[in-house]
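Fold and contact review
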Amino acid sequence: MILFEKTFSSTLRELAETLSAATVETWTFDDLPTRRAAEAAFSARGISAKCRSAYKPLVVAFRDEIDTEALVRADIVFPRHPQAGPRRFLLETYPLVAMFPEVLFSFMEGPESDALPVYGVRLTYADGRVEDLSVTAPNRLHEDYAGNAALSPCGWLRIDGRKQSLDTDYEQIFHQTMEALAGGHWKKEPFFQELFIGVSLPASDEDLGVGGEVLSLREALHEDFCFSALELLAKFSGRPAGYRDFQPGQIMPDIRQGEKLSVTVELRPYDAASRSDHMQDLESAGCALSQVQIAAQLEKIPGRRYFARSVAGREIAAVYHPGTDRGVIISAGQHANETSSPVGTLRAAHRLMGRSGAHFAFCPLENPDGYTLHQRLIRNNPRHMHHAARYTAMGDDLEYRTGEVLFEKAIRLEAEKLLPALLHLNFHGYPAHEWTRPLSGYVPRGFEVWTIPKGFFLIMRHGEGWEKAARKLMTDVTARLNDVTGLRAFNAAQIALFERHAGETGFEVLNGFPVMISQDDRHRLPMTLITEYPDETVEGDAFRAGHEAQMATALAAYDARQDLSLDLLPSPLVA
């Protein structure tokens, strides 16, 4: 059932073909080849034009316009706006420091103002030359689809010196699609099985030459559609934005590169049949494992099998491996676009099963419907984060699910029945490059701390009275992680770049590793250790480093649990 379908004309091409002026400056959501072609078309008509990017304008200015040859210093005054976070425009300069490592960058906040945001830039060159310039960052204040005030990058136009806003094709695709969703008759959760948002966008991803960082208008549009749709539909259920047990159905923004600008919004049935089946060596896997291989690797672990069913009907398999050690529950794949966790935990489980007395319950893939969606999406955009695959086919986060029919969450409850453990090892990842929502305030709402990578870190959530045991376990785990080659150096590099563009991480550091330890009584087990490796989108050696860290953490935490003194456990526990 098609809800909305439309083809759009190119804003920049229309301007280049029809506008009359002597000089023109544009800010649009277009890639570099499109903007250069428009400048040539303007020039052919006798118009002097500069076509700039509305997305990350300072980064693009340094890459495309500013003379960086023999540049030794760049002093940047970033704007502040009363309707944005104090470091919002500093964050948008990421990853300049890494892009130009030979340049000494300094960042200073400017005075707060509700005027059009502008960066002040002073450039100092090796020959002593100094240049001052301004870089405009067009933004508009508006109400987003969660009903909040948002300051978002927008199209802009300067014709013969006169400034005006510009409603770009990129913005039209997003807002008209969202308005179509807002006009739907959404009555009872789940509202649909699959909400397909297919977009064709003539924008190529532009590699910034730093880790996995790219300028990707298509990826940004996927993220904005995914979370804006969640926020909008939550209003129909009377839920607050970000409520993780909200169950609208599976939202699938599929943003592909194509010649035309078009969108199709369609309600579809669940994809209940697709599954990936490629095979690779587990120890050296350079990308996400297939579902067939995950199942085959799990079968190699002896023990009692237990199962659950996903919303779309897929089998969720797990194993209880009984032993004489203190038992530990291990899970992975809750958020299915975080793909290093199934690999790392399978590798760890294979090592544990060779030990005498090993005792664990293990599920390597808790969210197979999300994993299937991720596998579908990466066929066309392998370097995108695809946060739609974070959620189940019901559209919720399985950990937060309540009710009588639990589907995926039932696998955890069964593990707890089979093994009444004190420790749950829950393996996760997060974006390996910048995460933005440019049409909804730029910074992902509710996920602000995840917007740029900051190394591998651990989270410990514990029940009341368990702080001493939790802290001791984390201290032991982080000490053991120092044996992982290159991991400390990887963390140091990512954290240093994060701090230049976003400020302090806010983490406590144990044995050189960032950690967060806090009481959280919503977990059924008294201690839950969560890993967070920046794995979304990485492949090859970077992916291998990710699952190596995940495996090492699983083994370190298992061993730390065995060594945990009974004196640290709350009385009267003696397990």
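Before reading on, note that the structure itself is shown above.
As the structure is a prediction and not an experimental result, all values here were calculated from the model. (Residues numbered from 1 in each chain as written. Predicted model: local features only at pLDDT ≥ 70, side-chain atom pairs only at ≥ 80, totals over all residues. Heavy atoms only, no water.)

Along the chain, the regular secondary structure elements total 14 helices and 25 strands. At 25 Å, the chain has a C-alpha radius of gyration in line with the 25 Å of a compact globule built from 575 residues. Once the C-alpha set of the chain is aligned to its principal axes, its extents read approximately 80 × 60 × 40 Å. Relative to its 575 residues, the chain shows a buried fraction of 60%. Considering only contacts in the chain between residues 6 or more positions apart, those separated by 24 or more positions represent 77%. Surface accessibility of the chain: about 22,100 Å² in total, with carbon and sulfur atoms responsible for 50%. For the chain, the distance from the average position of its 60 positive side-chain charges to the average position of its 78 negative side-chain charges is 2 Å. (Helix = DSSP H or I, 4+ residues; strand = E, 2+ residues; numbered from the N terminus. Rg over C-alpha atoms; globule rule 2.2 N^0.38 Å. Buried < 20%, exposed > 50% of the residue type's maximum accessible area, 1.4 Å probe, protein only. Contact = heavy atoms within 4.5 Å. Areas by Shrake-Rupley, 256 points an atom, 1.4 Å probe, with all protein chains shown as cover. Lys, Arg positive; Asp, Glu negative; His and termini not counted. Charge placed at Lys NZ, Arg CZ, Asp CG, Glu CD.)

What follows deals with the sheet that holds strand E10 (residues 155-159). An order of E3-E2-E10-E11 is seen for the four strands of this open sheet, with the pairing classed as mixed. Of all the strands in the sheet, just strand E3 (48-53) and strand E11 (162-166) have a single pairing partner and so form its edges. Strand-to-strand twist of the sheet, defined as the mean angle between neighbouring strand axes without regard to direction, takes the value 15°. Relative to E3, strand E2 (residues 23-28) runs parallel, the two sharing six bridges. Bridge pairing links Glu25 to Lys50 in E3. (Pairing = 2+ DSSP bridges. Axes fitted to C-alpha atoms, helices over the stretch in contact; angles between N-to-C directions.)

Attention now moves to the pattern of salt bridges. Following the criterion strictly, the structure yields 48 salt bridges and no others. Salt-bridge contacts for Arg52 lead to Glu25; the nearest nitrogen and oxygen are separated by 2.5 Å. With Arg52 in strand E3 and Glu25 in strand E2, this pair connects stretches of sequence that are 27 residues apart. Note that Arg355 and Asp559 form a salt bridge whose closest N and O atoms lie 2.6 Å from each other. With a gap of 204 residues between them, Arg355 in the loop between helix H9 (340-352) and strand E20 (360-363) and Asp559 in helix H14 (residues 540-563) connect regions that are remote in the sequence. For Asp559, a relative accessible area of 21% translates into the label partly exposed. Look at the salt bridges and you will find they share partners, linking Glu194, Glu266, Arg268, Asp271, Arg314, Asp369 and Arg376 into a network. (Salt bridge = Lys/Arg side-chain N within 4 Å of Asp/Glu carboxyl O.)

Quick look at helix H6 (residues 169-182) now. With 14 residues, H6 extends 20 Å from end C-alpha to end C-alpha; this agrees with the ideal 20 Å at 1.5 Å per step. Considered for burial, the residues of H6 that qualify are Asp169, Tyr170, Glu171, Ile173, Phe174, His175, Thr177, Met178 and Leu181. (Expected span 1.5 Å × (residues − 1).)

What follows deals with the pairing of strand E7 (residues 130-136). Here strand E6 (residues 118-125) runs beside E7; their pairing, made up of seven bridges, is antiparallel. If you follow Thr124 over to E7, its bridge partner there is Val130. Counting the residues in the hairpin turn of E6 and E7 gives four residues, including Gly128, whose phi is positive at 90°.

Take the environment of Gly242 next. Here Gly242 shows up in the loop between helix H7 (217-236) and strand E15 (250-257). For the pair Gly242 and Glu231, spaced 11 residues apart in the sequence, the C-alpha separation amounts to 6.9 Å.

With that settled, the discussion passes to the sheet that holds strand E4 (residues 71-80). One open sheet holds the four strands; their spatial order is E5-E4-E6-E7, and the pairing between them is mixed. With partners counted over all chains shown, the strands left at the sheet margins are strand E5 (104-112) and E7, one partner each. The mean inter-strand angle of the sheet, taken between neighbouring strand axes irrespective of direction, is 20°. The pairing of E4 with E6 spans six bridges and is antiparallel. Paired with Asp75 across the bridge in E6 is Arg122.

As a further point, take the packing of H9 against H14. For any two helices packed against each other, one specifies the inter-axial angle together with the distance between the axes. Running from N to C, H9 and H14 point in directions that differ by 45°, and their axes come no closer than 8 Å. Here H9 is positioned oblique relative to H14, judged by the angle of their axes. Once H9 is placed against H14, the crossing between them reads as right-handed. For the pair H9 and H14, the contacting residues are Ser340, Ser341, Val343, Gly344, Arg347, Ala348, Arg351 and Leu352 in the first and Phe543, Gly546, His547, Glu548, Gln550, Met551, Ala554, Leu555 and Tyr558 in the second. For the contact of H9 with H14, the per-class residue count stands at eight nonpolar, six polar and three charged. (Parallel < 35°, antiparallel > 145°, perpendicular 65-115°, else oblique. Left-handed = near helix turned anticlockwise from the far one by under 90°. Nonpolar A, V, L, I, M, F, W, Y, C, P; charged D, E, K, R; others polar.)

Our focus in this paragraph is the packing of aromatic side chains. On inspection of all chains with the given rule, the structure shows 21 aromatic pairs. Summarising the aromatic geometry, the rings of Phe456 and Tyr533 are spaced 5.5 Å apart at their centres and angled 50° between planes, so their arrangement reads as tilted. Here Tyr533 lies in strand E25 (residues 527-536) and Phe456 lies in the loop between strand E21 (423-431) and strand E22 (457-462), a separation of 77 residues in the sequence. Neither residue differs from the other here; Phe456 and Tyr533 are each classed as buried. (Phe/Tyr/Trp six-rings, centres within 6.5 Å; stacked < 30°, edge-to-face > 60°.)

When you line up the elements, Arg347 lands in helix H9. At a separation of 3.0 Å, a polar atom in the side chain of Arg347 contacts the side chain of Glu548. With near-sequence residues (within four places) excluded, Arg347 lies in contact with Leu282, Glu283, His547, Glu548 and Met551. (Polar contact = N/O pair within 3.5 Å; in protein donor to acceptor, adjacent residues only side chain to side chain.)

Geometrically, the link from Tyr94 to Pro95 is a cis peptide bond, its omega value of 0° lying close to zero. Put simply, Glu189 and Pro190 share a cis peptide bond, and its omega is -10°. Mapped onto the fold, Pro190 is located in the loop between H6 and strand E12 (194-201). Residue Ala70 is not a glycine yet carries a positive backbone phi of 65°. Structurally, Ala70 is set in the loop between helix H3 (57-64) and E4. Classification of Ala70 as partly exposed rests on a relative accessible area of 43%. If you check the backbone angles, Tyr442 has positive phi at about 75° while not being a glycine. The topology assignment puts Tyr442 in the loop between E21 and E22. Residue Tyr442 is classed as buried on the basis of its relative accessible area of 0%.

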